[in-house]
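Architecture and fold: a report
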Amino acid sequence: MLDALLGISLDFITPRYIVSDPYLSFNIDSASLFQDTAGGRLNFSDPILNDFAKQLCSSTPESATLRIGGSSADNLAFVSTAKGDDDGVAQYNQQILIDFDYWNSIITFADRSGCKIVWDLCALSFRNATDGSWNSTNAGILFNHMVSNNQSIYGWQLGNEPGHWKTRHPTSGPDGEQVGRDLISLHDLVAEKFSFTSTRIFGPDICGPASMTNASPCSTLQFFTDIISVAQPILSGVTVHHYGLLSAHKSPNNCHLSDFINPDIIFKHEAKYGIWRDQKNTVMGTKAETGAELILGETASAGSGGCVDLSNSFAAGFWWIHTLGEVASLQYDQIYRQNLVGWSGIGDASYYTLAGDPGWSGAYTQAGNAIPLHPAELIANPDFYTSLFWKRLMSPVVLNVFLDSGSAALLGISVHVHCAAQAMTGELPMGAVALSYANTRQSTVYLNGIRTTQSCEVVSLVPRIEYLLTCSSDDLMSRLVYLNGASDPLSSKSPMVGRRVTTETVLALPPLSYGFIVLPNSQAQACMINTPEAT
């Protein structure tokens, strides 16, 4: 394939949007808490897990959120002791039981790592027979323990993907308005129990839009509208789910290496993002009007645990870095990556984790002895480094960017631009910008110029700081990442320092690479103040 020349134009005057800070957060699936997993449930005391979480949650001035939830949240109950004999949960046949000792280890993990916990409570199993409303009795067991121990967390959710509930339980599954009322009930109970802290409720965690049939069980747009119309007064954020490629469990699927580097697939425009955003804004108003954020609450390269040996490989990073930029440009306030470590369902190991082998748990026995079912060391996967670079380099201020020669899918390259985060912290001059890119071409792309849309003024590409990420010997399925052509791959202890370029005026983006470019002296007016106004 021939090398390509790329020109881009940037709007340096008016930001496209300003996302929340933090923008990027993370999930641990409730399935990782299953006590009967071979080798044990996720060990929140594992020191390497704590270190990884601290890097992701505390790498920016505002701590990131760690959501613990997912479909298995609706198969979870709280019990006062490990046996759970006296808590009235046996009748519900919940598979995941969380006792107070294990819950306390989660609170300690949050304190050590700096992660703000959002917890997804069970909504499907605990319902009142009389009117089908949510039964908060089991949640009360946890709340009473937390109050007596002066514990609190950042926020709460109630159930996962409620369109599935109604589809698969047509007689007992709550309709949209009932889900909205349940969220209000949760809000009121949290406000009563935790009067000493803010009450944050996030929901409804829907996927779709779909038809709510067995073949397509996610929420319809009307179901989503019914929920948020009722719950809007108490929602701190509206949460939706989307996985980039087709579910790994479906046939046919996109679990082929060629799909992971196909720009027609990974750079395609997702209409659903705009549908959810526009409907949320119509019903509830924008974040600027109401304060309620729009959050992509679950996302990864492919659903149902991801694609074997692909979703945790270098190849998955093309989709991931593009999605980080695209979702921000579409005016979503936050994005939660599924998931940090572990499992995606009970018995369903996760291949889209940011760290560790699928099903990694830092396993332990009742006596606390390690079980060598998994490597003792928790190894970062490629998307971990992309996520860390994003948090360190890309500020919340999103700029308009235009490719001079066509669309990302047509060119095989994706580019997004933000104000540089290091300028916001004083490490770089105000006005600096940062670019993220993904080059799926098997040839070098030369960026031969950046112009402003207002005056066509040329923005110098020197000096610049490069963070170019490549794989080993074109092995796209490798889990190793190399920064700026280094001989050794990145590790969780690597300094992750960029390469400063002062003389080469043409920027070469290597074939089959992705990464970041920082332009310290770009003097973008939109980036000259910390909180510019977006249109």
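Whatever comes next refers back to the structure up there.
We now examine the packing of helix α1 (residues 47-57) against helix α12 (residues 382-393). Interhelical geometry of α1 versus α12 gives an angle of 35° and a closest axis separation of 9 Å. Along the contact surface, α1 presents Phe52, Gln55 and Leu56, while α12 presents Phe384, Ser387, Leu388, Lys391 and Arg392. Across the contact of α1 with α12, the residue classes break down as 4 nonpolar, 2 polar and 2 charged.

A word on the pattern of salt bridges. Within the structure shown, the criterion is met by 12 salt bridges. As a salt-bridge pair, Asp120 and Arg67 come within 3.7 Å of each other at their nearest N and O atoms. Taken together, the residues Asp120 in strand β7 (residues 116-121) and Arg67 in strand β4 (residues 65-69) connect sequence positions 53 residues apart. This pair shows no difference in class: Asp120 is buried, exactly as Arg67 is. The shortest N-O distance in the salt bridge between Glu270 and Lys268 comes to 3.8 Å. Given a relative accessible area of 15%, Glu270 falls into the buried group. Given the relative accessible area of 39%, Lys268 is considered partly exposed. Residues joined in a network through salt bridges with shared partners are Arg67, Asp120, Asp205 and Glu298.

Quick look at the environment of Gln232 now. Along the chain, the position of Gln232 falls in the loop between α6 (221-231) and β10 (235-241). Residue classification places Gln232 among the partly exposed residues on the basis of a relative accessible area of 30%. Spatially, the C-alpha atoms of Gln232 and Leu468 are 43 Å apart, while their sequence positions differ by 236 residues. Residue contacts for Gln232: discarding those within four places in its chain leaves Val283 and Met284.

Moving on to the state of the cysteines. Summed over the entire model, instances satisfying the criterion amount to 4 disulfides. Through a disulfide, Cys207 is tied to Cys218; the S-S separation comes to 1.9 Å. Across the disulfide from Cys207 to Cys218, rotation about the S-S bond amounts to roughly -95°, and the bridge is consequently left-handed. Of the two residues, Cys207 sits in the loop between β9 (201-206) and α6 while Cys218 sits in the loop between β9 and α6, which places them 11 residues apart along the sequence.

Now for the environment of Leu66. Tracing the chain through its elements places Leu66 in strand β4. Leu66 gets classed as buried once you look at its relative accessible area, which sits at 1%. Along the sequence, Leu66 and Ala420 sit 354 residues apart, while their C-alpha atoms lie 24 Å from each other. Setting aside anything within four residues of it in sequence, one finds Leu66 in contact with Phe26, Asn27, Ile28, Phe109, Cys115, Lys116, Ile117 and Val118.

Moving on: the packing of helix α2 (residues 100-113) against helix α3 (residues 137-148). The N-to-C vectors of α2 and α3 enclose an angle of 60°; their axes lie 12 Å apart at closest approach. Relative to α3, α2 is oriented oblique. Between α2 and α3 the crossing geometry is right-handed. Facing Phe100, Trp103 and Asn104 of α2, the residues of α3 in contact are Ile141, Leu142, His145 and Met146. Of the residues belonging to the contact of α2 with α3, the class tally is 5 nonpolar, 2 polar and no charged.

Okay, the packing of aromatic side chains next. Taken as a whole, this structure holds 22 aromatic pairs when the rule is applied. Ring geometry for Phe44 versus Phe109: centroids 5.2 Å apart, planes at 70°, classification edge-to-face. Remark: Phe109 occurs in helix α2 and Phe44 occurs in the loop between β3 (24-29) and α1; sequence separation between them is 65 residues. Its relative accessible area of 1% is what places Phe44 among the buried residues. Given the relative accessible area of 1%, Phe109 is considered buried. In this structure, Arg41 is placed above the aromatic ring of Tyr102, and the distance from its NZ or CZ to the ring centre is 4.1 Å. One residue, Lys116, lies across the ring of Tyr154, its end atom 4.3 Å from the ring centre.

Further remarks concern the pairing of strand β8 (residues 155-158). Residue alternation in β8 divides its side chains into two sets, Gly155 and Gln157 and Trp156 and Leu158, and both sets are buried. As judged from the 4 bridges shared by β7 and β8, these two strands associate in the parallel manner. Bridge pairing in β8 places Asp120 opposite Gln157. In this fold, the crossover linking β7 to β8 by way of α3 has right-handed handedness.

Let's shift gears to unusual backbone geometry. At the junction of Gln338 and Asn339, the peptide bond is cis and its omega measures out at -10° in the coordinates. Mapped onto the fold, Asn339 is located in the loop between β12 (334-337) and β13 (343-345). Here the amide bond leading from Val462 into Pro463 is cis, since omega sits at -5°, within 30 degrees of zero. By the element assignment, Pro463 lies in the loop between β20 (458-459) and β21 (464-470). Even without being a glycine, Ser473 presents a positive backbone phi close to 50°. Backbone geometry at Asn484 places phi at a positive 55°, although glycine is not the residue there. Following the sequence through the fold, Asn484 ends up in the loop between β22 (482-483) and β23 (499-501).

Together, Met430, Met528 and Ile529 make up a nonpolar patch on the protein surface, roughly 250 Å² of accessible area in all. Inspection of the secondary structure puts Met430 in the loop between α14 (421-424) and β18 (433-439). With a relative accessible area of 31%, Met430 lands in the partly exposed category.

Taking 1.5 Å as the rise per residue, helix α11 (residues 316-329) with 14 residues should run 20 Å; its terminal C-alpha atoms sit 20 Å apart, in good agreement. Where burial is concerned, most of α11 is hidden: 13 out of the 14 residues are buried. At the exit of α11 stands Gln331, carrying a positive phi of roughly 70°.

Glancing now at the side chain of Ser350. Looking at where Ser350 falls in the secondary structure, it is placed in the loop between β14 (348-349) and α12. A relative accessible area of 0% means that Ser350 is categorised as buried. In terms of polar contacts, Ser350 uses its side chain to reach the side chain of Asn339, at 3.1 Å. Within the structure, the side chain of Ser350 is placed 3.4 Å from the backbone nitrogen of Tyr352, a separation counted as a polar contact. For Ser350, the contacting residues outside a window of four places in its chain are Gly305, Asn339, Gly342, Trp343, Ser344, Pro358 and Gly359.

Definitions and limits used
Residues numbered from 1 in each chain as written. Predicted model: local features only at pLDDT ≥ 70, side-chain atom pairs only at ≥ 80, totals over all residues. Heavy atoms only, no water. Axes fitted to C-alpha atoms, helices over the stretch in contact; angles between N-to-C directions. Helix = DSSP H or I, 4+ residues; strand = E, 2+ residues; numbered from the N terminus. Contact = heavy atoms within 4.5 Å. Nonpolar A, V, L, I, M, F, W, Y, C, P; charged D, E, K, R; others polar. Salt bridge = Lys/Arg side-chain N within 4 Å of Asp/Glu carboxyl O. Buried < 20%, exposed > 50% of the residue type's maximum accessible area, 1.4 Å probe, protein only. Disulfide = S-S within 2.5 Å. Parallel < 35°, antiparallel > 145°, perpendicular 65-115°, else oblique. Left-handed = near helix turned anticlockwise from the far one by under 90°. Phe/Tyr/Trp six-rings, centres within 6.5 Å; stacked < 30°, edge-to-face > 60°. Lys NZ or Arg CZ within 6 Å of the ring centre and 35° of its normal. Pairing = 2+ DSSP bridges. Right-handed = clockwise from strand over helix to strand, strands pointing away. Patch = residues over 30% accessible without salt bridge, like charges linked within 9 Å, V, L, I, M, F, W, Y side chains within 5 Å. Areas by Shrake-Rupley, 256 points an atom, 1.4 Å probe, with all protein chains shown as cover. Expected span 1.5 Å × (residues − 1). Polar contact = N/O pair within 3.5 Å; in protein donor to acceptor, adjacent residues only side chain to side chain.

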